[in-house]
Amino acid sequence: AEGGAVIVEACRSLFGVPARVLSGDEEAEVTFRGSLSGIEGLGSEVCVFDIGGGSTEVVFGRPGERPTFAKSFDVGSVRLTERVAPGDPPSRDDLERLEKAAMALLVDCPRALPEATAVGIAGTMTTLTAVHLGLETYDGSRVHGATLTLRELEAVVTKLAALPLAERSLVHGLEPKRADVIVAGGFVALAVLRALGKDAVRISDRGVRWGLAAKLVGRSDG
């Protein structure tokens, strides 16, 4: 991203700390490490995906080791919403275009190994899980490590897509500021799981900060 040098200088002048911008590879490594911390029963292979506003990152690897594959895809909840510009609520044609656009932008996403566990992190996935659980107040202890099947994810996205924005904003588990882009984010999530060949996903509400903290203190278990 642009502006890194400005942030580094601001940290130096405000706090007297010589900040450093992480490279893309470093970010993938610490995100991978942090997202898996505190989740049991993942198995020997995992594929972590992070749906952001403008892009989606997919990282493969083994828990406790450096990632073996990392790639950023040009599709996120905000970007897909802007590209399709769905109505309120989205029409059937809007939903078909969201699905097709998400799948097309993830066409180069590699299929995961049969034994690999999919792990979804960041706001889109934690929000969809909170909605599935019907949480009036977000509870990270219930979201972190939860499992969402592909069918359950489809049901959540269908439910949210059927509501106009004003009603969607009131759904338990959904922060109002995400209400306008969560449907597109849900279609990105579905597209990722289908591209990976997975029918379920574990949810993590941890990520880059957890991994960076573990790395800085020298812990191997995150």
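Not measured: the values here are computed from a predicted model.

S.K.: Which parts of the structure should I look at to understand the environment of Ala214?
M.R.: Topologically, Ala214 is positioned in helix α10 (residues 208-217). Judged by relative accessible area, Ala214 falls into the buried class, the value being 5%.

S.K.: Explain unusual backbone geometry here, please?
M.R.: A negative phi angle is the norm for most residues apart from glycine, just as the trans form is the norm for most peptide bonds. The residue after Asp88, namely Pro89, is reached through a cis peptide bond having omega -5°. Position of Pro89 relative to the elements: it lies in the loop between α3 (77-84) and α4 (92-105). Even without being glycine, Ala85 reaches a positive phi, approximately 50°. Relative to the elements of secondary structure, Ala85 occurs in the loop between α3 and α4. Phi is positive for Ala122, close to 80°, though the residue is something other than glycine. Residue classification places Ala122 among the partly exposed residues on the basis of a relative accessible area of 27%.

S.K.: Teacher, can you tell me more about the pattern of salt bridges here?
M.R.: As a working rule, side chains carrying opposite charge can pair if their charged atoms are close by. Under the counting rule described, the total for this entry stands at 10 salt bridges. Among the ionic pairs, Arg79 bridges to Asp74, the shortest N-O distance being 2.2 Å. A salt bridge links Arg97 to Asp94, with the nearest nitrogen and oxygen atoms 2.7 Å apart. Highlighted residues: Arg97 and Asp94, both in helix α4, separated by three residues, approximately one helical turn. Linked by salt bridges that have partners in common, Asp93, Asp94 and Arg97 make up one network.

S.K.: Got a minute to help me understand the packing of α3 against α4 in this structure?
M.R.: When two helices pack together, their arrangement is captured by the angle between the axes and the distance separating the axes. Packing of α3 against α4 brings their axes to within 10 Å, and their N-to-C directions diverge by 125°. The angle between the axes of α3 and α4 places the two elements in the oblique class. Considering the relative orientation of α3 and α4, their crossing is right-handed. In this structure, α3 contributes Leu80, Arg83 and Val84 to the contact, and α4 contributes Asp94, Arg97, Leu98, Ala101, Ala102 and Leu105. Class assignment of the residues belonging to the contact of α3 with α4 gives a composition of six nonpolar, no polar and three charged.

Analysis parameters
Residues numbered from 1 in each chain as written. Predicted model: local features only at pLDDT ≥ 70, side-chain atom pairs only at ≥ 80, totals over all residues. Heavy atoms only, no water. Helix = DSSP H or I, 4+ residues; strand = E, 2+ residues; numbered from the N terminus. Buried < 20%, exposed > 50% of the residue type's maximum accessible area, 1.4 Å probe, protein only. Salt bridge = Lys/Arg side-chain N within 4 Å of Asp/Glu carboxyl O. Axes fitted to C-alpha atoms, helices over the stretch in contact; angles between N-to-C directions. Parallel < 35°, antiparallel > 145°, perpendicular 65-115°, else oblique. Left-handed = near helix turned anticlockwise from the far one by under 90°. Contact = heavy atoms within 4.5 Å. Nonpolar A, V, L, I, M, F, W, Y, C, P; charged D, E, K, R; others polar.

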